[in-house]
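Chain by chain, the residues:
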Amino acid sequence: YEALYATGWGKDTRVSQGAKLLHTIRNMRRQGAAIDSVLDVGCSHGNVVAELWQSGIVASGVDIARGAADLATSLHKPPHGRASCNGEGRPCFQAASATSLPFRDGAFDAIASSDVLE
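Fair warning: this is a prediction, and the values are worked out from it, not measured in the lab.

**Q** Could you clarify how one ought to interpret the environment of glutamine 94 in this entry?
**A** Note on placement: glutamine 94 falls in strand 3 (residues 93-95). As a C-alpha pair, glutamine 94 and aspartate 70 span 24 residues in sequence and 7.6 Å in three-dimensional space. Among all residues touching glutamine 94, those that are not within four sequence positions of it are Gly61, Val62, Asp63, Ala69, Pro102 and Phe103.

**Q** Hey, could you run me through the packing of helix 2 (residues 18-30) against helix 3 (residues 47-54) in this one?
**A** A pair of packed helices is captured by two measures, namely the crossing angle of their axes and the spacing between those axes. Contact pair helix 2 / helix 3: the axes reach a minimum separation of 10 Å and the direction vectors enclose 30°. Between helix 2 and helix 3, the interaxial angle falls into the category roughly parallel. Classified by chirality, the crossing of helix 3 by helix 2 is right-handed. Contact residues: Gly18, Leu21, Leu22, Ile25 and Arg26 in helix 2; Val48, Glu51 and Leu52 in helix 3. By residue class, the composition of the contact of helix 2 with helix 3 is 5 nonpolar, 1 polar and 2 charged.

**Q** I tried to follow the side chain of serine 37 on my own but got confused; where do I start?
**A** Looking at where serine 37 falls in the secondary structure, it is placed in strand 1 (residues 37-41). For serine 37, a relative accessible area of 12% puts it in the buried group. For serine 37, the side chain forms a polar contact with the main-chain nitrogen of aspartate 109, separated by 2.9 Å. Sequence-distant contacts of serine 37, that is, excluding residues within four places in its chain, are made with Ile57, Val58, Ala107, Phe108, Asp109 and Ala110.

**Q** So what exactly am I meant to see when it comes to the sheet that holds strand 3 here?
**A** Sheets are built from strands that pair by backbone hydrogen bonding, the pairs being arranged parallel or antiparallel. A sheet is described by the order of its strands in space; here 4 strands give the open sequence 3-2-1-4, paired in parallel fashion. Every other strand in the sheet has two partners, leaving strand 3 and strand 4 (110-112) as the edge strands with one partner each. In this sheet, adjacent strand axes meet at a mean angle of 20° when their direction is disregarded. Contacts from helix 3 reach strand 1, strand 2 (58-63) and strand 3, with the element oriented near 175° to strand 2.

Cut-offs used in this document
- Residues numbered from 1 in each chain as written.
- Predicted model: local features only at pLDDT ≥ 70, side-chain atom pairs only at ≥ 80, totals over all residues.
- Heavy atoms only, no water.
- Helix = DSSP H or I, 4+ residues; strand = E, 2+ residues; numbered from the N terminus.
- Contact = heavy atoms within 4.5 Å.
- Axes fitted to C-alpha atoms, helices over the stretch in contact; angles between N-to-C directions.
- Parallel < 35°, antiparallel > 145°, perpendicular 65-115°, else oblique.
- Left-handed = near helix turned anticlockwise from the far one by under 90°.
- Nonpolar A, V, L, I, M, F, W, Y, C, P; charged D, E, K, R; others polar.
- Buried < 20%, exposed > 50% of the residue type's maximum accessible area, 1.4 Å probe, protein only.
- Polar contact = N/O pair within 3.5 Å; in protein donor to acceptor, adjacent residues only side chain to side chain.
- Pairing = 2+ DSSP bridges.

Right under this line is the structure:
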């Protein structure tokens, strides 16, 4: 994954399934689901997290590729000047594996993933 990001992959943010994910989360909230915080696993460029911020949702993103987390950090500034986008004081975007997340159990109301390479 690092090699892909080193070649500029991920900078073309037009191709994304994230819109479907955002639509689903917004619909669930309209129907009364208590989704106030979301972790995006495989966040890539961070667009989904940034859109969640605009919807008033506390959101963070992780990606296995450090280059992806760095790209997301460079593209998106946290809302309201915060350095942290979760209740644990961790950065909004960070490198982490989906099998070893750097958050306590129950830290988010929902965990979502789209556009990941298996």
